[in-house]
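Observations on the three-dimensional arrangement
Below are the chains, spelled out letter by letter.
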Amino acid sequence: MVKNECVDVAIAELERCGLDWRMEDGGKHQSIKWSCKIAGLSVERSFTLPYTPSDWRAPLNTKSDLRKILRNDGILD
């Protein structure tokens, strides 16, 4: 598999939160999926990542966007 900094950033963030994740490959994009408990319910989340990031800020944007999702779910403060 090709080195992808966006994937590395997303995996590191999910592991830092103690979440189990899995990768799914699609056509032009790949998805990272995880499950979490929100208000006692098990919820499946998905985050789409590019195979080839087109911008040097892509890893920073990935981390920011993923942290927003985790904050909304109550996983991060």
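Residues numbered from 1 in each chain as written. Predicted model: local features only at pLDDT ≥ 70, side-chain atom pairs only at ≥ 80, totals over all residues. Heavy atoms only, no water.

Focus: the overall build of the chain
A tally of regular secondary structure across the chain gives two helices and three strands. Across the chain, helices and strands are ordered from the amino to the carboxyl terminus as α-β-β-β-α. Projected onto the principal axes, the alpha-carbon positions of the chain cover approximately 35 × 25 × 15 Å. Each of the 77 residues in the chain was classed as buried or not, and the buried ones make up 30%. Pairs at least 24 apart in sequence give 39% of the contacts found in the chain among residues at least 6 apart. Total accessible area computed for the chain in this model is approximately 5,200 Å², and 51% of it derives from carbon and sulfur atoms. Both charge centroids of the chain, one from 12 positive and one from 12 negative side chains, sit 4 Å from each other. (Helix = DSSP H or I, 4+ residues; strand = E, 2+ residues; numbered from the N terminus. Buried < 20%, exposed > 50% of the residue type's maximum accessible area, 1.4 Å probe, protein only. Contact = heavy atoms within 4.5 Å. Areas by Shrake-Rupley, 256 points an atom, 1.4 Å probe, with all protein chains shown as cover. Lys, Arg positive; Asp, Glu negative; His and termini not counted. Charge placed at Lys NZ, Arg CZ, Asp CG, Glu CD.)

Some points on the nonpolar core
Core analysis: the biggest nonpolar cluster contains 15 residues, and Leu-14, Ile-32, Trp-34, Leu-49, Leu-66 and Leu-70 have the highest contact counts within it. For this core, the elements supplying multiple residues, two or more each, are helix H1 (5-16), strand S2 (29-38), strand S3 (41-50) and helix H2 (58-72). Apart from the residues within four sequence positions on either side, Leu-14 is in contact with Leu-19, Trp-21, Ile-32, Trp-34, Leu-66 and Leu-70. (Core = buried A, V, L, I, M, F, W, Y, C linked by side-chain atoms within 4.5 Å.)

Overview of the environment of Gly-74
Within the fold, Gly-74 resides in the segment after H2. When the C-alpha atoms of Gly-74 and Lys-3 are compared, they prove to be 30 Å apart, with 71 residues separating the residues in sequence.

What to know about the sheet that holds strand S1 (residues 21-25)
Within a sheet, neighbouring strands are paired by backbone hydrogen bonds and run either parallel or antiparallel to one another. Taking strand neighbours across the sheet as the criterion, the three strands line up as S1-S2-S3 in an open arrangement whose pairing is antiparallel. The two strands at the open ends of the sheet, each matched to only one other strand, are S1 and S3. Shown here is a sheet whose adjacent strand axes are inclined to one another by a mean of 25 degrees, direction ignored. Most of the contacts of H1 go to S2, to which it runs at about 10 degrees, and overall it touches S1, S2 and S3. On top of the sheet, H2 reaches S2 and S3; it is set at about 170 degrees to S3, its chief contact. (Pairing = 2+ DSSP bridges. Axes fitted to C-alpha atoms, helices over the stretch in contact; angles between N-to-C directions.)

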